[in-house]
Amino acid sequence: CLGIALLLSSCATQPPAPKTILVSEERLAKLIAGHFPFNKTVRDVLDIRFATPRLVLDPLGNRINTSLELGVGASGLLGILTSKTYQGKLDLSYGLRFEPKDGSVRLNDVKVAHFSVDGAPETLQRLIEKHGAALTQKLLDDYPIYKLKAEALRTAAGQGYQPGALKIVPEGLSITLDPLQP
């Protein structure tokens, strides 16, 4: 009887198993698209408008590949020389991570694969080629795309869980809920 009681009490103290939640590819695309169009002035030289994200999941690399349409124009002193906006394309990939400090899901390890602008004057084209990809990576790395509500985090904690690993799977985004450590 004592052995059975010890066995049962040890089972009761075992932490719960991790759980997973699946966010569909369609829902993930809507969450990301909700941040666009996105405008940014870079170093008081370029005005960039990012729009129309198209996602392709890369489960093997645990990344999301995204193509965006660009609108690029000069600002500041360079804007006096040309007021035209030029169209282009940006292809990038990134992972996702959870930031427990503010409950946000953020872009992680952003890599620009392609950054092009059609028909820009040579001065603007040189600036874009020299700085465009690096500035875009810096601008978007660690960018928050979703913030969990404090109530949802409290509910999870009340049930003994906290957000854990984020993983890209063929169906979308798999979120692991890890048991809280006692």
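Notes on the structure in this doc start here. Owing to the predicted nature of the structure, the values given are computational and were not obtained by experimental measurement. Note on numbering: residues in each chain are counted from 1, in written sequence order. Under the rules for a predicted model, residues below a pLDDT of 70 receive no local features and side-chain atom pairs below 80 are neither given nor counted, while totals for whole chains, interfaces and linings still include all residues. To obtain the side-chain values, all non-hydrogen atoms of the structure were included, while hydrogens and water were left out.

Glancing now at the packing of aromatic side chains. Within a pair of aromatic rings, the relevant descriptors are the distance that separates the centres and the angle that separates the planes. When two rings of Phe, Tyr or Trp (its six-membered ring) have centres within 6.5 Å they constitute a pair, described as stacked for plane angles under 30 degrees, edge-to-face for angles over 60, and tilted for the intermediate range. Following the criterion strictly, the structure yields 2 aromatic pairs and no others. For the pair F38 and F50, a centre-to-centre distance of 5.7 Å together with 25° between the ring planes defines the contact as stacked. Of this pair, F38 sits in strand β2 (residues 38-42) while F50 sits in strand β3 (residues 46-58), and the two are 12 residues apart along the sequence. Seen in terms of ring centroids, F38 and Y143 are 5.2 Å apart; in terms of plane orientation they differ by 55°. Their pairing is tilted. Linking F38 in strand β2 with Y143 in the loop between α4 (122-140) and β7 (144-147), this pair joins segments that are 105 residues apart in sequence. Classification of residues uses two cut-offs on accessible area relative to the type maximum, computed with a 1.4 Å probe and protein chains only: under 20% is buried, over 50% is exposed, and between them is partly exposed. F38 sits in the buried class, given a relative accessible area of 13%. The exposure class assigned to Y143 is partly exposed, which follows from its relative accessible area of 22%. Taken together through their ring pairs, the aromatic side chains of F38, F50 and Y143 make up a single cluster. A helix here means a DSSP run of H or I that spans at least four residues, while a strand means a run of E at least two residues long, and both kinds are numbered starting from the N terminus.

Moving on, we get to the environment of A156. Its place among the elements puts A156 in helix α5 (residues 150-158). Put simply, A156 and D178 are 22 residues apart on the chain and 9.7 Å apart in space, counted from C-alpha to C-alpha.

As a further point, take the sheet that holds strand β8 (residues 161-169). Strand-to-strand pairing in sheets goes through backbone hydrogen bonds, with the strands running parallel or antiparallel. Strands pair, by our definition, only if DSSP identifies at least two bridges between them. Pairing is antiparallel across the open sheet formed by 3 strands, whose spatial order is β1-β9-β8. Single-partner strands in this sheet number two, and they are β1 (19-24) and β8. This sheet shows a mean twist of 25° between the axes of neighbouring strands, independent of strand direction. Of the strand pairs in this sheet, β8 and strand β9 (residues 172-179) are connected by 7 bridges, and their pairing is antiparallel. Considered in β9, the bridge of Y161 is made with P179. Between two residues, a contact is recorded if the distance between any of their heavy atoms is within 4.5 Å. An axis is simply a line fitted to the C-alpha atoms; with a helix, the fit covers only the stretch in contact. Between two such axes, the angle follows the N-to-C directions and lies from 0 to 180 degrees. Strands β1 and β9 of the sheet are contacted by helix α2 (residues 25-33), whose axis makes an angle of about 70° with β1.

All right, on to the environment of T20 then. Turning to its location among the elements, T20 is positioned in strand β1. Relative accessible area serves as the criterion here: at 57%, T20 is assigned to the exposed category. Along the primary structure T20 and S174 are separated by 154 residues, whereas in three dimensions their C-alpha atoms are 6.4 Å apart. Contact partners of T20, with chain neighbours within four places excluded, come to S174, I175 and T176.

Below, the discussion takes up the pattern of salt bridges. Side-chain pairing between opposite charges can occur once the charged atoms of the two side chains come close. Salt bridges, as used here, are contacts in which a Lys or Arg side-chain nitrogen is within 4 Å of a carboxyl oxygen on Asp or Glu. By the definition in use, this model includes 9 salt bridges. One salt bridge connects R97 with D142, and the closest N-O pair in it is separated by 2.4 Å. Of this pair, R97 sits in strand β5 (residues 85-99) while D142 sits in the loop between α4 and β7; the two residues are 45 residues apart in sequence, bridging distant segments of the chain.

With respect to the helices, strands and loops of the structure, R63 is situated in strand β4 (residues 63-74). Among all residues touching R63, those that are not within four sequence positions of it are L57, D58, S93, Y94, G95, N108, D109, V110, K111 and I168.

Right, let's talk about unusual backbone geometry for a bit. Here F36 and P37 are connected by a cis peptide whose omega angle stands at 0°. The topology assignment puts P37 in the loop between α2 and β2. Located in the positive-phi region is N62, a residue other than glycine, with phi close to 55°. Within the fold, N62 resides in the loop between β3 and β4. Its identity is not glycine, yet D109 carries a phi of approximately 55°, on the positive side. Within the element layout of this structure, D109 appears in strand β6 (residues 104-117). Taking relative accessible area as the criterion, D109 reaches 36% and is therefore assigned partly exposed.

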